[in-house]
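Now for the letters of each chain:
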Amino acid sequence: MFDSGFGGLTVARALIDLLPEEDLVYVGDTGRYPYGPRPLDQVRTFAHQIAGHLVERHDVKLIVVACNTASAAALGELQQTMPVPVVGVIEPGVRSLVAATRSGHIGVIGTVGTIGSGAYQAAVGATGASVTLSCAACPGFVEFVERGDTDSDQVHVLAERLLAPLREAGIDTLLLGCTHYPFLARTISDVMGREVVLVDSADETAFRIRGLLAELDLARPLGERVGRHVFESSGDVEVFRRLGRSMLGPELDDVRSVAWT
Ligand code: DGL
């Protein structure tokens, strides 16, 4: 599994809880975060590099692109070129979103790269659901999370400004279309109001992975043993251990450094 930094830990949590016997290698590319403002071509190059590393160095049986920006940039290509199944977070998130809305007026927030790519607009359209979609990019949110700041006045002020168009649009359900954003859920909910339901892609992605592993006969037998969890960071390993552990929990213990050549 990989993300630009800590965001994918929201998906890792759901996966560890649902499939405790599976081994997990998590790459947080904190040396090159944020991905959101980068050209999609560059994010695609990073995604290929990390996916290749997971297959070659760790011999993984499945790859989770636990990052919306990288999913928007590279999921299709990775699915065609990698020798193992590759799962993204956009389609599972959209499934939760469409299932949760009552009024049919839905919203998605994400990075500049994700929203600009049109991937969510296309994925919602592909469901065939009769809904009205409002989207907003939220530049700056990821940087707050990477600093471990999820509820300061500053992040609140930024959220007020970035989410104002969605409040005015009158949506009833909001998809957090960046895996970092669940860490900001309290702030986002304060701004949007309690009547707006927040959904994210983590649980649905974990269910999708469970289904795929079963279908391909790749799942470890239930309760066989507790999986091993290895974390790699391309940035400061100590910061990753300290902050990441406060976000994921005690499973985040073994953090190693990874460098790209
Ligand atoms: N967590 C990522 C996402 O879901 C990337 C955020 C970033 O690095 O800008 O898009």
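Residues numbered from 1 in each chain as written. Predicted model: local features only at pLDDT ≥ 70, side-chain atom pairs only at ≥ 80, totals over all residues. Heavy atoms only, no water.

A.B. asks: Tell me about the overall build of the chain, and name the residues and values.
C.D. replies: For the chain, the helix and strand inventory stands at 11 helices and 10 strands. Here the C-alpha coordinates of the chain stretch approximately 50 × 40 × 35 Å along the principal axes. Per element, the accessible surface of the chain, about 11,300 Å² overall, is 50% carbon and sulfur. Charge separation in the chain, taken as the distance between the mean sites of 22 positive and 33 negative side-chain charges, equals 2 Å. (Helix = DSSP H or I, 4+ residues; strand = E, 2+ residues; numbered from the N terminus. Areas by Shrake-Rupley, 256 points an atom, 1.4 Å probe, with all protein chains shown as cover. Lys, Arg positive; Asp, Glu negative; His and termini not counted. Charge placed at Lys NZ, Arg CZ, Asp CG, Glu CD.)

A.B. asks: I'd like a description of the sheet that holds strand β2 (residues 24-28), backed by residues and values.
C.D. replies: Pairing within the open sheet is parallel, and its 4 strands lie in the order β1-β2-β9-β10. Where the open sheet ends on each side, the last strands, each with one partner, are β1 (2-3) and β10 (255-257). Bridge count for strand β9 (residues 229-233) against β10 is 3 bridges, and the pairing is parallel. Along β10, the bridge assignment pairs S233 with S257. Across the face of the sheet, helix α2 (residues 40-58) comes into contact with β1, β2 and β9 while running at roughly 150° to β2. (Pairing = 2+ DSSP bridges. Contact = heavy atoms within 4.5 Å. Axes fitted to C-alpha atoms, helices over the stretch in contact; angles between N-to-C directions.)

A.B. asks: Please give an account of the side chain of S233 that cites residues and values.
C.D. replies: Tracing the backbone through its elements, the reader meets S233 in strand β9. A distance of 3.0 Å separates a polar atom in the side chain of S233 from the backbone nitrogen of G235. Filtering out sequence-adjacent residues up to four positions away, S233 remains in contact with G28, T30, F240, V255, R256, S257 and V258. (Polar contact = N/O pair within 3.5 Å; in protein donor to acceptor, adjacent residues only side chain to side chain.)

A.B. asks: Requested: an account of the pattern of salt bridges, with residues and values cited.
C.D. replies: Throughout the structure, instances matching the rule amount to 16 salt bridges. Between E91 and R95 there is a salt bridge whose closest N-O contact spans 3.2 Å. Of the two residues, E91 and R95 are both situated in helix α4 (residues 90-100); the distance of 4 residues between them amounts to about one turn of the helix. Across the pair D172 and R102 runs a salt bridge, and its minimum N-O distance is 3.8 Å. Remark: R102 occurs in the loop between α4 and β5 (105-110) and D172 occurs in the loop between α8 (153-169) and β7 (173-176); sequence separation between them is 70 residues. Linked through salt bridges whose partners overlap, the residues forming this network are D23, R220, E224, R225 and R228. (Salt bridge = Lys/Arg side-chain N within 4 Å of Asp/Glu carboxyl O.)

A.B. asks: Please give an account of the packing of aromatic side chains that cites residues and values.
C.D. replies: Within the structure shown, the criterion is met by 5 aromatic pairs. Ring centres of F6 and F240 lie 5.0 Å apart, and the angle between their planes is 25°; this geometry places the pair in the stacked category. With F6 in the loop between β1 and α1 (9-18) and F240 in helix α11 (residues 237-248), this residue pair connects regions lying 234 residues apart in the sequence. With a relative accessible area of 2%, F6 lands in the buried category. Consider the rings of Y26 and F240, whose centres lie 6.2 Å apart with planes at 40°: the pair is tilted. (Phe/Tyr/Trp six-rings, centres within 6.5 Å; stacked < 30°, edge-to-face > 60°. Buried < 20%, exposed > 50% of the residue type's maximum accessible area, 1.4 Å probe, protein only.)

Note that all results are geometric; they support no functional claim without further evidence.
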